[in-house]
Amino acid sequence: MAKRVLVSGGAGYIGSHVTVELIGAGYEVVVADNMSNCDMTCFEGVKKITGRDDIPFYQIDCCDYEAVTRLFDEQGIDAVIHFAAFKAVGESVAEPIMYYRNNLVSFLNILEAAKNHGGCNVLFSSSATVYGEAEDLPVTEQTPRLPATSPYGNTKQMCEDILRDVVLATAGFGGAGDSDAGVAAGGQGPVKGIALRYFNPIGAHPSALIGELPRGVPNNLVPFITQTAIGKRECLSIFGNDYPTEDGTCLRDYIDIVDLAKAHVAAVSRMIDGRMKEGYEIFNVGTGRPVSVHELVTAFEKVNGLKLNYKFAPRRPGDVVAIWADTSLANEELGWKAERSVEDTLASAWAWEKYLAGK
Ligand code: UDP
């Protein structure tokens, strides 16, 4: 029987792309989302792309333990991919209590339900933000994490540590369905975990039926670019052109959203098929190639044959100069590699913006 994967935050940008790839790989998917930061556009898009009208959808808040545990009771979950979290760095500085409560409690609830339902595989969506301003580039999974510079970043670090600790604490519990006395009382079982550290996910599905749908003024670069190109924003500000890089703008590792989604399928299969080498593993998910902000803007103009209204503006507080991934661990252990070119990705981002404009 097909294994069942719960995608929390599955109606959002990354969650919807992951749902499509999981279904394509033969998994059954259950989506949970409280719809606090999205509408049904992407979930409807997922149904169209996959031709599946029957994907179980739970409009629940993962901060509600009763609701989470009911979902586990009803669905019999083999793995969870946890995206349900707030993600705006600036807002997290202004509203730390809201961020810590939401991002930590929802993950704790997922872990508790996972443990109490005979054990489960849990994939946590972490971020390259945990590396901060790293001295040695590219960063490997062994590069030390630096103290977080925002509550958002701190929740990523804390959730990684919580997952590691829960894996350790439940390691002796035996597995779901074990007939020996290994399974702890009350149907508890071991939690296994993978944290994927994303670099900068961009782009949209080639069908242009799902993509990034920011509420209000986008914080991230690519939605700001596409909204400027379509005329929703007047001018893109490139934050800082006096950084110690070749063209003076920041360097990032922009990873295509479909490539990123495929890394989740590889990681989930590794967990479900029992191929993990440790109970808790971490992988960088990037391309391994640094691209400057100015290069990205120029590539967007070129591939889409348009001129973007942009200007250079002061640095944005909190930005690191440069970060990109060493992806060898994910390449070797997950058998995964980023494949789509940055040009194709930028074309897909533009196709998605135009699709939204025509809706
Ligand atoms: N950036 C920019 N203008 C914008 C948004 C972002 O110049 O309107 C720059 C930002 O300073 C950083 C890069 O684009 O160097 C990527 O920023 P983003 O917010 O997309 O992701 P981050 O790397 O901060 O997670």
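Our subject is the structure that appears above.
Described in the following lines is the structure provided in the data block. (Residues numbered from 1 in each chain as written. Predicted model: local features only at pLDDT ≥ 70, side-chain atom pairs only at ≥ 80, totals over all residues. Heavy atoms only, no water.)

**Thoughts on the packing of aromatic side chains**
Part 1 of the argument: Within this structure, the stated rule accounts for seven aromatic pairs.
Part 2 of the argument: With centroids separated by 6.3 Å and ring planes inclined at 25°, the aromatic side chains of Tyr131 and Phe199 adopt a geometry described as stacked. Separated by 68 residues along the polypeptide, Tyr131 in the loop between strand E5 (120-127) and helix H6 (151-170) and Phe199 in the loop between strand E6 (191-198) and strand E7 (200-202) bring together distant segments of the chain. Across this residue pair, the class does not change: Tyr131 and Phe199 are buried.
Part 3 of the argument: The interplanar angle of 80° and the centroid separation of 6.0 Å between the aromatic rings of Phe300 and Trp350 together place this pair among those described as edge-to-face. Here Phe300, found in helix H9 (residues 293-304), pairs with Trp350, found in helix H11 (residues 342-358); they are 50 residues apart in sequence, far enough to count as distant.
Part 4 of the argument: Above the face of the Tyr243 ring, Arg315 is positioned so that its terminal group lies 4.0 Å from the ring centre. (Phe/Tyr/Trp six-rings, centres within 6.5 Å; stacked < 30°, edge-to-face > 60°. Helix = DSSP H or I, 4+ residues; strand = E, 2+ residues; numbered from the N terminus. Buried < 20%, exposed > 50% of the residue type's maximum accessible area, 1.4 Å probe, protein only. Lys NZ or Arg CZ within 6 Å of the ring centre and 35° of its normal.)

**Observations concerning the side chain of Arg270**
Part 1 of the argument: Take Arg270: it is sitting in helix H8 (residues 257-272).
Part 2 of the argument: Here the side chain of Arg270 touches Glu281 through a polar contact of 2.7 Å, side chain to side chain.
Part 3 of the argument: Reaching out from Arg270, the side chain makes a polar contact with the backbone oxygen of Glu333 at a distance of 2.9 Å.
Part 4 of the argument: Arg270 has contacts with Ile194, Arg275, Met276, Lys277, Glu281, Phe283, Glu333 and Leu334, leaving out every residue within four places of it along the chain. (Polar contact = N/O pair within 3.5 Å; in protein donor to acceptor, adjacent residues only side chain to side chain. Contact = heavy atoms within 4.5 Å.)

**Examining the site of the ligand**
Part 1 of the argument: Taken together, the neighbourhood of the ligand is formed by 15 residues, with Ser237, Phe239, Arg252, Arg316 and Asp319 sitting nearest.
Part 2 of the argument: The backbone of Leu221 places a nitrogen or oxygen atom 2.9 Å from an oxygen atom of the ligand.
Part 3 of the argument: At a separation of 2.7 Å, a nitrogen atom of the ligand approaches a polar backbone atom of Ser237.
Part 4 of the argument: The fraction of the free accessible surface of the ligand (520 Å²) that becomes covered by protein chains is 85%.
Part 5 of the argument: Breaking the shell around the ligand down by element, the ones donating at least two residues are helix H7 (221-230) and strand E8 (236-239).
Part 6 of the argument: Residues that form the shell around the ligand fall into these classes: eight nonpolar, four polar and three charged. (Near = heavy atom within 4 Å. Areas by Shrake-Rupley, 256 points an atom, 1.4 Å probe, with all protein chains shown as cover. Nonpolar A, V, L, I, M, F, W, Y, C, P; charged D, E, K, R; others polar.)

**Quick look at helix H3 (residues 65-75)**
Part 1 of the argument: For H3, every residue scored as buried is listed here: Ala67, Val68, Thr69, Leu71, Phe72 and Gln75.
Part 2 of the argument: Summarising the contacts, the buried residues of H3 are in contact with strand E1 (4-8), strand E2 (28-32), strand E3 (57-58), strand E4 (79-82), helix H5 (96-116) and E5.
Part 3 of the argument: Sitting at the head of H3, Asp64 places a side-chain oxygen 3.2 Å from the backbone nitrogen of Glu66.
Part 4 of the argument: Once H3 finishes, Gly76 follows within two positions and takes phi at roughly 60°, a positive value.

**Quick notes on unusual backbone geometry**
Part 1 of the argument: Here the amide bond leading from Leu137 into Pro138 is cis, since omega sits at -5°, within 30 degrees of zero.
Part 2 of the argument: Tracing the chain through its elements places Pro138 in the loop between E5 and H6.
Part 3 of the argument: Here Met35, not a glycine, exhibits a phi torsion of approximately 60°, which is positive.
Part 4 of the argument: The topology assignment puts Met35 in the loop between E2 and helix H2 (41-50).

**What to know about the environment of Arg164**
Part 1 of the argument: Here Arg164 shows up in helix H6.
Part 2 of the argument: Classification of Arg164 as partly exposed rests on a relative accessible area of 38%.
Part 3 of the argument: Here the alpha-carbon distance between Arg164 and Gly193, two residues 29 residues apart in the chain, equals 7.2 Å.

**Topic: the pattern of salt bridges**
Once the charged atoms of two side chains with opposite charge are near each other, the side chains can pair.
Part 1 of the argument: The tally for this structure, following the rule as stated, stands at 18 salt bridges.
Part 2 of the argument: For Arg145, the salt bridge goes to Asp161, with nearest N and O atoms at 2.9 Å. Here Arg145 is found in the loop between E5 and H6, whereas its partner Asp161 is found in helix H6, with 16 residues between them in sequence.
Part 3 of the argument: Given the relative accessible area of 28%, Arg145 is considered partly exposed.
Part 4 of the argument: Judged by relative accessible area, which is 23%, Asp161 ranks as partly exposed.
Part 5 of the argument: A salt bridge links Asp273 to Arg275; its shortest N-O distance comes to 3.4 Å.
Part 6 of the argument: Given the relative accessible area of 48%, Asp273 is considered partly exposed.
Part 7 of the argument: A single network of salt bridges, built from pairs that share partners, joins Arg145, Glu160, Asp161, Arg164, Asp165 and Arg197. (Salt bridge = Lys/Arg side-chain N within 4 Å of Asp/Glu carboxyl O.)

Keep in mind these numbers describe shape, not what the thing actually does.
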